[in-house]
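# Examination of the molecular architecture
This is what each chain is made of:
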Amino acid sequence: MADAAQSARAAELRALVNDANYRYHVLDAPAIPDAEYDRLLRELEAIELACPELRTEDSPTWRVGARADSAFAEVAHALPMLSLGNAFDDVEQQQPELRHREVADFVRRIVDETGDPSPVFSVEPKLDGLAISLRYEQGVLVQGATRGDGSTGEDVTANLRTIHAIPLRLRGEAPAVLEVRGEVYMPRAGFHAFNQRALERGEKTLANPRNGAAGSLRQLDPAVTAQRPLAFYAYGLGAHEGFELPATHSQTLRQLARMGLPVSPDVETARGLEGLIDYRRRIDAKRDALAYDIDGVVYKLDRFDQQRAMGFVARAPRWAIAHKFPAQEEMTEVEAIDVQVGRTGAITPVARLKPVQVAGVVVTNATLHNADQIARLDVRVGDTVIVRRAGDVIPEVLAVVAERRPPDSVPWTLPGACPACGSAVVRPEGEVVARCSGGLFCPAQRKQALIHFASRRAIDIEGLGERMVEDLVDLGFVQSVADLYRLSLDDLLELKRRADARDGSTPETAKAGKVATRWAENLIEAIERSRSPSLERLLFALGILQIGEETAKALARSFGSLQAIRDADPILLLAVPDVGPKVAGSIASFFAQPHNNEVIDALLANGLVAQATGQPSASLATRLDLGHLLRAAKQLGAPLVRLGDTSVVRIAEVRRDLAALEAAGEGGLTALGVSADAAAAVFASLADPYWGPRLRAVDAVMMALRSAAPHEVQGGPLVGKTVVLTGSLSAMTREEAGARLEALGAKVAGSVSRKTSIVVAGEAAGSKLAKATELGVPVWDEARLLAFLAAHPTGA
DNA sequence: ATACCTCGAGTTCG
DNA sequence: CTCGAGGTAT
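Figured I'd write up the structure that's included with this text. (Residues numbered from 1 in each chain as written. Chains lettered and ligands numbered in written order. Predicted model: local features only at pLDDT ≥ 70, side-chain atom pairs only at ≥ 80, totals over all residues. Heavy atoms only, no water.)

### A few points about the overall build of chain A
Rules: Numbering goes from the N terminus for both helices and strands, where a helix is a DSSP run of H or I of at least four residues and a strand is a run of E of at least two. For each residue, the accessible area found with a 1.4 Å probe, counting protein chains only, is set against the maximum for its type, and the residue is called buried under 20%, exposed over 50%, and partly exposed in between. Throughout, a contact is declared for two residues whenever any of their heavy atoms are within 4.5 Å. Values of accessible area rely on a 1.4 Å probe in the Shrake-Rupley scheme; residue burial ignores everything except the protein chains shown.
When helices and strands are counted, chain A shows 31 helices and 24 strands. Evaluated residue by residue, chain A yields a buried proportion of 46% over its 796 residues. Long-range pairs, those at least 24 residues apart, make up 68% of the contacts in chain A with a sequence separation of at least 6. When the accessible surface of chain A is split by element, carbon and sulfur atoms take 52% of a total near 38,100 Å².

### A closer look at the nonpolar core
We count it as follows: Nonpolar cores were defined as sets of buried Ala, Val, Leu, Ile, Met, Phe, Trp, Tyr and Cys residues, with membership established by side-chain atoms within 4.5 Å.
Ranked by internal contacts, the top residues of the largest apolar core, which has 88 residues, are Phe453, Ile461, Leu472, Leu484 and Leu555. Take this core: its biggest share by element is 6 residues, from helix α27 (residues 676–687). In contact with Ile461, other than residues within four places in its own chain, are Phe453, Ala454, Leu484, Tyr485, Leu523, Ala526, Ile527 and Ser530. If you look at the next biggest cluster of nonpolar residues, it comprises 33 residues, including Ala165, Val180, Ala198 and Leu206.

### Details of the environment of Leu624
Turning to its location among the elements, Leu624 is positioned in the loop between α23 (618–623) and α24 (626–635). Here Leu624 falls in the buried class, since its relative accessible area comes to 1%. Each C-alpha atom, one on Leu624 and one on Val576, is 9.5 Å from the other, the two residues being 48 residues apart in sequence. Not counting chain neighbours up to four residues away, the residues in contact with Leu624 comprise Leu572, Ala575, Met702, Leu705 and Arg706.

### Brief notes about the sheet that holds strand β4 (residues 130–137)
Rules: At least two bridges found by DSSP between two strands are what make those strands a pair. Between N-to-C directions, angles cover 0 to 180 degrees, with each direction set by a line fitted to C-alpha atoms, over the stretch in contact for helices.
Spatial ordering of the open sheet is given by β5-β4-β7-β8, a layout of 4 strands whose pairing is antiparallel. The sheet is open, and its two borders are formed by β5 (140–146) and β8 (231–241), each paired with just one other strand. Ignoring which end each strand starts from, the neighbouring axes of this sheet average 25° apart. Where β4 meets strand β7 (residues 177–185), 8 bridges bridge the pair, whose relative direction is antiparallel.

### Here's the deal with the pattern of salt bridges
Two side chains that carry opposite charge are able to pair once their charged atoms sit near each other. Put simply, the rule reads: Any carboxyl oxygen of Asp or Glu within 4 Å of a side-chain nitrogen of Lys or Arg constitutes a salt bridge here.
In total, this model carries 43 salt bridges according to the counting rule given. We note a salt bridge from Asp383 to Arg405, for which the minimum N-O separation is 2.8 Å. Note that Asp383 is positioned in the loop between α12 (371–377) and β17 (384–390) and Arg405 in the loop between β18 (394–400) and β19 (425–426), a separation of 22 residues in sequence. Put simply, Arg642 and Asp677 hold a salt bridge, and the shortest N to O gap is 3.1 Å. Of this pair, Arg642 sits in the loop between α24 and α25 (645–654) while Asp677 sits in helix α27; the two residues are 35 residues apart in sequence, bridging distant segments of the chain.

### Let's talk about the packing of α24 against α25
Spelled out, the test is: Any angle between 65 and 115 degrees counts as roughly perpendicular, while under 35 counts as roughly parallel, over 145 as roughly antiparallel, and the rest as oblique. Handedness of a crossing follows from how the near helix is turned relative to the far one, being left-handed for an anticlockwise turn of less than a right angle and right-handed for a clockwise one. In this count, Pro and Cys sit with the nonpolar residues alongside Ala, Val, Leu, Ile, Met, Phe, Trp and Tyr, while Asp, Glu, Lys and Arg are called charged and the others, Gly among them, polar.
For the pair α24 and α25, the least separation of the axes is 8 Å and the interaxial angle reads 150°. Accordingly, the angle class assigned to the pair α24 and α25 is roughly antiparallel. The crossing of α24 and α25 is right-handed. Counting all contacts with α24, which are made through Leu626, Gly627, Leu630 and Arg631, the residues of α25 involved are Asp645, Val648, Val649, Ile651 and Ala652. Of the residues assigned to the contact of α24 with α25, the class counts are 6 nonpolar, 1 polar and 2 charged.

### Focus on the packing of aromatic side chains
Note the threshold: Any two rings among Phe, Tyr and Trp, with Trp reduced to its six-membered ring, count as a pair given centres within 6.5 Å; such a pair is stacked if its planes are under 30 degrees apart, edge-to-face if over 60, and tilted if neither. Counting as a charge over the ring demands two things of the Lys NZ or Arg CZ atom: a distance within 6 Å of the ring centre and an angle within 35 degrees of the ring normal.
Tallying each qualifying case throughout the model produces 7 aromatic pairs. Consider the rings of Tyr185 and Tyr292, whose centres lie 5.5 Å apart with planes at 70°: the pair is edge-to-face. One end of the pair, Tyr185, is in strand β7; the other, Tyr292, is in the loop between α10 (272–285) and β10 (294–301), with 107 residues separating them in the sequence. The exposure class of Tyr292 is buried, given its relative accessible area of 3%. Among the aromatic residues, those joined into a cluster by ring pairs are Tyr185, Tyr233 and Tyr292. Here Arg171 stacks its cationic end above the ring of Tyr22, 3.8 Å away from the centre of that ring. Across from the ring centre of Trp519, 5.7 Å away, lies the NZ or CZ of Lys496, which sits over that ring.

### Brief notes about unusual backbone geometry
Across the chain, the bulk of peptide bonds are trans and the bulk of non-glycine residues have phi less than zero. One non-glycine residue, Gln546, lies in the positive phi region at around 80°. As for its placement among the helices and strands, Gln546 is situated in the loop between α17 (535–541) and α18 (549–559). With a phi close to 75°, Asp578 is a non-glycine residue in the positive phi region. Along the chain, Asp578 falls in the loop between α20 (570–573) and α21 (581–592).

### Details of the environment of Leu141
For Leu141, the location among the structural elements is in strand β5. Each C-alpha atom, one on Leu141 and one on Leu160, is 9.8 Å from the other, the two residues being 19 residues apart in sequence. Setting aside chain neighbours within four positions, we find Leu141 in contact with Leu134, Arg135, Tyr136, Arg161, Ile166, Pro167 and Leu168.

### Topic: the side chain of Asp569
Tracing the sequence through the fold places Asp569 in the loop between α19 (562–567) and α20. Residues within four places of Asp569 in sequence aside, it is in contact with Arg694 and Val698.

### A few points about helix α28 (residues 691–708)
Stated precisely, the cut-off is as follows: Residue count minus one, scaled by 1.5 Å, sets the expected span of a helix.
In a regular helix each residue adds 1.5 Å, so 18 residues correspond to 26 Å; α28 covers 25 Å between its end C-alpha atoms and thus fits that length. Check the buried side of α28 and you find it contacts α20, α23, α24, α26 (658–671) and α27.

### What to know about the side chain of Arg280
Checked against the element boundaries, Arg280 lands in helix α10. The class of Arg280 is buried, set by a relative accessible area of 5%.

### Points about the state of the cysteines
How we decide: Only a pair of cysteine sulfur atoms within 2.5 Å qualifies as a disulfide here.
Evaluated as defined, the whole model comprises 0 disulfides. The thiol sulfur of Cys418 is not disulfide-bonded, and the nearest other cysteine sulfur, from Cys436, lies at 3.6 Å. Relative accessible area serves as the criterion here: at 3%, Cys418 is assigned to the buried category.

### Thoughts on helix α4 (residues 101–114)
Taking 1.5 Å of rise per residue, the 14 residues of α4 would be expected to cover 20 Å, and the 20 Å separating its terminal C-alpha atoms lies within 8% of that figure. One or two positions beyond α4, positive phi appears at Gly115, with a value near 75°.

### Looking at the environment of Asp483
Condition: We define a polar contact as two N or O atoms separated by no more than 3.5 Å, with the added condition that, inside protein, one atom must be a possible hydrogen donor and the other a possible acceptor, whereas residues neighbouring each other in sequence contribute only through side-chain atom pairs.
Take Asp483: it is sitting in the loop between α14 (466–474) and α15 (489–503). Note: C-alpha distance between Asp483 and Asn606 (123 residues apart in sequence) is 8.4 Å. The contacts of Asp483, once residues within four sequence positions are left out, are Phe477 and Val478. In this structure the side chain of Asp483 is engaged in a polar contact, spanning 2.6 Å, whose partner is the backbone nitrogen of Gln479.

See below:
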């Protein structure tokens, strides 16, 4: 049992050690010598060993914890970790104001949209490390996670604890919850010292500080991480509770520093474009003298209210940008030019390069994108080329060194046949990419389709990567994605046996057998776990051309079930936001292929269940009116060329569905002010053997949706009102605003007419606002809209 | 009809 | 990360 003296001494030692860390890492002013620090730490360890109950959660002796058993747990970030848009200099440009065009555009957008002629930015070096999030509860570090895909990362708490720059307890008054975002990096001095020592001991060296930092955090054994010279700088906040948020980013960073979190000493504030460029020039000048590697600088709009006004696009904020330094360039030789076949059959030429070090890693491959790119650069086998890592990551061939070209070289030409299946390679008129015409007959495309299906952002089958898929397809175990759900443990073991036999490696020891069983069980379990994906993930996973994550999400939300999408006519699909004629056609033709339907039916038969809302969204029903029907049919090629947009609007205002339109007859349309030509075109389309039935079928679906959709909001404050949104909103997207308004009973229209009840004008509103003023339609600004929405909460 | 802007698709290396 | 192209707003 601990006595009072021991307890007091332990508390004192904790304070001393934590304070020493703070002074060293945050204030950059060490107060005690290293040897003294070590002595204090050892004394604390000794006390805690004797009296384990004295080992508090924030004790610095926790810095080396237990080994993780296999993988890191997933952690959902309470607030997503953002990625930044990039700006590069136009190196060709001599005039400075044009050289920084992208940064100038960034500043101009901010000036335009905030109305602040000289906005203030918080500016900082962009460290070349690994972004992480630290969660403090009641001031104690409880969890640390990598960025991952932005919404979910990996729990690397044990490894982060070993980093002395990361406080285990915050100083001063602790908020209930504080998530701190920052960069774990390896200081250059530490990197060199580490490699020096590794070299002396004959151990593996680190390729570069960046990989050193990333690799260190992924160590399963924290004791290994503890040996790595890692450091940390905080640069932002995630979720927080009980934390009084200052008005600006720079004040927040100062507050974090007061709480004991290290912040880069090179963080400053700058005003306007000139301030940004000046800061960047100064950092560039001292780049080599910095203690850490950087790949650029980051500009963040300092005032949080202005940040909110700018909002986001997809995952990136519009109020911050990374201004990167030009990438390092190296010379090497092209040994060969191969082609790869992608998921969609796209034929991509790849340069096989003589290995060369570029910005810290050895590059051997570089994509050449397409035949145009090769022609533009005139790259040939045997050429000496200049290579760089674009954004310091992806290798890219910049140019050919003409003087070094061997005399016998010949221009590269696109192969006429697919290297994987021999089918013809076709390149449609006007398109840049050439494609293998083999479709799913082509093994390369089949493999890519499987890899895509299993990938993390799609169905997410852990352990089913490229290697695995290769074997499964080559050895005939899997033809389509549906076959995955039929695989048994025995199948996988058999696969493994045959693959080993093929590769000539047959370590038939008992241990290897166990490992194989374990591996097969894991894969089966991963497949099992993937049986109930969300509808949007399933849609994305199917690999329909043009359907990425966002479009899949929009489709899932609009239709609510896979079957509804399979049945949907392109006219209906066009009612989905972001779906136009091309995308709608792509979806329709995918579901028109018997083979695809067989695979989907097999998937369902094999127990795959998409988790759908089951309810088509209200917004789909509201978008679908007679006007949409006519407009969409016209876009898709119905004989309605004579039907102008104003006529469509007139018709849609008066007639609710086709039955009403037909009852009115051509005369009824001309009475609405529609030209005789246009009215005739409408009825001609209805009489058309192809378009007539289609229009009627879609009309029927439309009416069914109307009655089923929950959009007939009883007593909604906006029932019977038509609202038009224009310009850009800051607090939400137009999409969201539209959905909120619809939930209140409004009909959201695309253009302003006399019938429009309200026009909501965001920033930079254009002609619609002018028209609204002209027609005397009431105009709301964003504040008015937000106030209204706040006053009329909808359950959502 | 035109200008932006966002999304999709393909890709590297450890 | 970059490029091309589809979609939407003007």
